[in-house]
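These are the residues of each chain, in order.
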Amino acid sequence: MTTWGNEAGEFGARRRQASEDTDRGAWSRLWVGLGAGLVMLAIYPFYEYAVHAKLAERDLREATRQMQAQIQAAGDAMARETAERQQLTFEQRLAAVRVKGVSDAAGGPVVMVELQGLTAAQAAGPICGQAAGWLKRSVGGEVLRVQAARGQRPAQDAGTIRCN
């Protein structure tokens, strides 16, 4: 049998040993945590670069795909328009000629026209008639300088015509 004092001494020794073990475990956990944090700090820039590179590559592929689709659609529209123009008869193309503007210049009126694939000489009748409407006077006997309208591109000189 042990005395009261001896049991208390054994209990204190056990408590000191247990606290020393937990202190050593706490320090080792601290160093492991610090080491893991430093490794993550060192690796994160490379990870971030890889993620951004993949995202940029994906975005570029998507933009390229969209651009190719738009180019394909524009090409198809041009092909349809060309096919429609080729199928139109001469009379239909002549009826589709439109004067887009007239400028009464010193050397004679300048007429901006959508020629629908015709020459200025072929479309002289509708051009003279519409130019007279724009100028609000007769253009009989006058020489008109014709500019072919080409949508968003600059106009192109299409020659001159004399109205009868």
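Up top is the structure.
Note that the coordinates shown come from a computational prediction; the quantities given were computed from them, not determined experimentally. (Residues numbered from 1 in each chain as written. Predicted model: local features only at pLDDT ≥ 70, side-chain atom pairs only at ≥ 80, totals over all residues. Heavy atoms only, no water.)

Caption draft 1: The arrangement of the pattern of salt bridges in detail. If you walk through the whole model with that rule in mind, you get six salt bridges. Lys-100 is paired through a salt bridge with Glu-114; the nearest N and O atoms lie 3.8 Å apart. Placement of the pair is Lys-100 in strand 1 (residues 98-105) and Glu-114 in strand 2 (residues 108-114), with a sequence separation of 14 residues. The partly exposed category is assigned to Lys-100, whose relative accessible area is 46%. Across the pair Glu-142 and Arg-137 runs a salt bridge, and its minimum N-O distance is 2.4 Å. Taking relative accessible area as the criterion, Glu-142 reaches 22% and is therefore assigned partly exposed. Taken together, the shared-partner salt bridges in this structure form one network comprising Asp-104, Arg-137 and Glu-142. (Salt bridge = Lys/Arg side-chain N within 4 Å of Asp/Glu carboxyl O. Helix = DSSP H or I, 4+ residues; strand = E, 2+ residues; numbered from the N terminus. Buried < 20%, exposed > 50% of the residue type's maximum accessible area, 1.4 Å probe, protein only.)

Caption draft 2: Focus on the pairing of strand 2. Along strand 2, five of the seven residues are buried, which leaves the element largely enclosed by surrounding structure. Pairing geometry for strand 1 and strand 2, over seven bridges, is antiparallel. Bridge pairing links Val-102 to Val-111 in strand 2. Between the antiparallel neighbours strand 1 and strand 2 lie two residues. Pairing analysis gives four bridges linking strand 2 to strand 3 (residues 143-150), with the strands arranged parallel. Bridge assignment links Val-113 to a residue of strand 3, and that residue is Ala-148. (Pairing = 2+ DSSP bridges.)

Caption draft 3: Highlighting the packing of aromatic side chains. Summed over the entire model, instances satisfying the criterion amount to one aromatic pair. Between Tyr-44 and Tyr-47, the aromatic rings sit 6.3 Å apart at their centres with planes inclined by 45°, giving tilted as the arrangement. Of the two residues, Tyr-44 and Tyr-47 both sit in helix 1 (residues 4-87), three residues apart, roughly one turn of that helix. Accessibility expressed as a relative area gives 53% for Tyr-47, which makes it exposed. (Phe/Tyr/Trp six-rings, centres within 6.5 Å; stacked < 30°, edge-to-face > 60°.)

Caption draft 4: Quick look at helix 3 (residues 124-135). Here helix 3 is 12 residues long and its end C-alpha atoms lie 16 Å apart, about the 16 Å a rise of 1.5 Å per residue gives. Those residues of helix 3 lying buried are Ala-124, Ile-127, Cys-128, Ala-131, Ala-132 and Leu-135. Burial along helix 3 is one-sided: seen end-on, the buried residues are contained in an arc of 130°. Residues of helix 3 that are buried in the fold lie against strand 1, strand 2, strand 3 and strand 4 (153-162). (Expected span 1.5 Å × (residues − 1). Arc of directions from axis to C-beta. Contact = heavy atoms within 4.5 Å.)

Caption draft 5: Summary view of the sheet that holds strand 4. Across the sheet, four strands lie side by side as 1-2-3-4; this open sheet has mixed pairing. Taken across any chain shown, the strands that pair with only one partner, and hence form the sheet edges, are strand 1 and strand 4. Between one strand and the next, the sheet's axes are offset by a mean angle of 25°, whatever the strand orientation. As judged from the seven bridges shared by strand 3 and strand 4, these two strands associate in the antiparallel manner. For Arg-150, the partnering residue across the bridge sits in strand 4 and is Arg-153. This element, helix 3, spans strand 1, strand 2, strand 3 and strand 4 of the sheet and lies at about 60° to strand 1. (Axes fitted to C-alpha atoms, helices over the stretch in contact; angles between N-to-C directions.)

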